[in-house]
Amino acid sequence: VLFRSPVGGNRVDSYFELHIEQGPVLDEEGLTIGVVEGVQGISWTEFHLQGVSNHAGTTPMRLRHDAGYVAARIGVFARQLAQELGGDQVATVGHLVFTPNLVNVIPDTVTLTVDLRNTDAEALRLAEQRLWAFAEQAAREEEITASRKMLARFEPTPFAPEMVELVAAQARLRGLPSRRMPSGA
């Protein structure tokens, strides 16, 4: 949907394109329009965990150096971290590969990604630091090695307040229920 709108009382030949990218939030609240105030920052980290492969039945728990166990701990920690920080913080483990990926073998190698997002730059940095520190500590405790690689990093970007208000005003003018929110995309 494209619409034209006046800015500052003058007619402007600018068009605004509306996107459906706010996920389930608007549906959940029964609203039509998300007045997006900015784009959240994104941090994608890939972890590479190296342990020792062994037979699942013959290796006692005390003698394991299980990369899969550390990967599971990182995934759970990421979720707990997002819940603890609250606000707009989200965390997702979106890619997880075990090697040798067999039902009866302790994995020696795991690669996983963690996607952290937040509208607040400082909160995003804090989430990164805590996640990385946790992964390093969990690897030390299991006596495996862990390395990380930054796949992508973008700072949160606020939108121009006058443009945000313009969208809000157009929603009001058309009688469409709306809420201010960050872009989750």
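Scroll up to find the structure.
Residues numbered from 1 in each chain as written. Predicted model: local features only at pLDDT ≥ 70, side-chain atom pairs only at ≥ 80, totals over all residues. Heavy atoms only, no water.

K.L.:
Is there a simple way to think about the overall build of the chain in this case?
P.N.:
For the chain, the helix and strand inventory stands at four helices and eleven strands. Intrachain contacts of the chain at a sequence separation of at least 6 include 75% that bridge at least 24 residues. Total accessible area on the chain stands at roughly 10,800 Å², and carbon and sulfur atoms take up 55% of it. (Helix = DSSP H or I, 4+ residues; strand = E, 2+ residues; numbered from the N terminus. Contact = heavy atoms within 4.5 Å. Areas by Shrake-Rupley, 256 points an atom, 1.4 Å probe, with all protein chains shown as cover.)

K.L.:
For this particular structure, what's the right way to read the environment of Leu 112?
P.N.:
The residue Leu 112 is located in strand 8 (residues 109-118) in this model. A C-alpha to C-alpha distance of 7.0 Å links Leu 112 and Val 93, two positions 19 residues apart in sequence. Beyond its immediate stretch of four places on either side in the chain, Leu 112 contacts Thr 45, Glu 46, Phe 47, Leu 49, Ala 71, Ile 74, Val 93, His 95 and Leu 96.

K.L.:
What is the right way to read the sheet that holds strand 6 (residues 90-99) from this model?
P.N.:
Pairing between the strands of a sheet comes from backbone hydrogen bonds, and it takes one of two forms, parallel or antiparallel. Reading across the sheet, the four strands line up as 6-8-4-9 and stay open at both edges, with antiparallel pairing between neighbours. The open sheet has two edge strands with one neighbour each: strand 6 and strand 9 (145-154). Each strand axis lies, on average, 15° off the axis of its neighbour in the sheet, ignoring direction. Sheet topology places strand 6 next to strand 8; nine bridges connect them, and they run antiparallel. Counterpart to Phe 98 in the pairing with strand 8 is Val 110. (Pairing = 2+ DSSP bridges. Axes fitted to C-alpha atoms, helices over the stretch in contact; angles between N-to-C directions.)

K.L.:
I would appreciate a short explanation of helix 2 (residues 67-85) in the present structure.
P.N.:
Each α-helix turn comprises 3.6 residues. Residues three or four places apart therefore point the same way. The first and last C-alpha atoms of helix 2 sit 27 Å apart over 19 residues, in line with the 27 Å expected at 1.5 Å per residue. Taken as a whole, helix 2 has its buried residues at Ala 67, Gly 68, Val 70, Ala 71, Ile 74, Phe 77, Ala 78, Leu 81 and Ala 82. Just beyond helix 2, the residue with positive phi is Gly 86, at close to 65°. (Expected span 1.5 Å × (residues − 1). Buried < 20%, exposed > 50% of the residue type's maximum accessible area, 1.4 Å probe, protein only.)

K.L.:
Would you mind going over the sheet that holds strand 10 (residues 157-158) with me for this structure?
P.N.:
The strand order 10-3-11 describes an open sheet built from three strands, whose pairing is mixed. Each end of this open sheet is capped by a strand with a single partner; those strands are strand 10 and strand 11 (178-183). Contacts from helix 4 (residues 161-173) reach strand 3 (33-39) and strand 11, with the element oriented near 175° to strand 3.

K.L.:
Is there a simple way to explain the environment of Pro 158 in this structure?
P.N.:
Here Pro 158 is to be found in strand 10. Between the alpha carbons of Pro 158 and Glu 37 there is a distance of 6.0 Å; along the sequence they are 121 residues apart. If near-sequence neighbours (up to four positions away) are discounted, Pro 158 is found in contact with Glu 37 and Gly 38.

K.L.:
Quick question: what am I supposed to make of the packing of helix 2 against helix 3 (residues 121-142) here?
P.N.:
Axes are the key here: two packed helices are described by the angle between their axes and the distance separating the axes. It is at 10 Å that the axes of helix 2 and helix 3 come closest, and there the two elements cross at 150°. Classed by the angle they form, the pair helix 2 and helix 3 counts as roughly antiparallel. Viewed along their axes, helix 2 and helix 3 form a crossing whose handedness is right-handed. On helix 3, the residues touching Tyr 69, Val 70, Arg 73, Ile 74, Phe 77, Ala 78, Leu 81, Glu 84 and Leu 85 of helix 2 are Ala 123, Leu 126, Ala 127, Arg 130, Leu 131, Phe 134, Ala 135, Ala 138, Ala 139, Glu 141 and Glu 142. Taken together, the residues of the contact of helix 2 with helix 3 sort by class into 15 nonpolar, no polar and five charged. (Parallel < 35°, antiparallel > 145°, perpendicular 65-115°, else oblique. Left-handed = near helix turned anticlockwise from the far one by under 90°. Nonpolar A, V, L, I, M, F, W, Y, C, P; charged D, E, K, R; others polar.)

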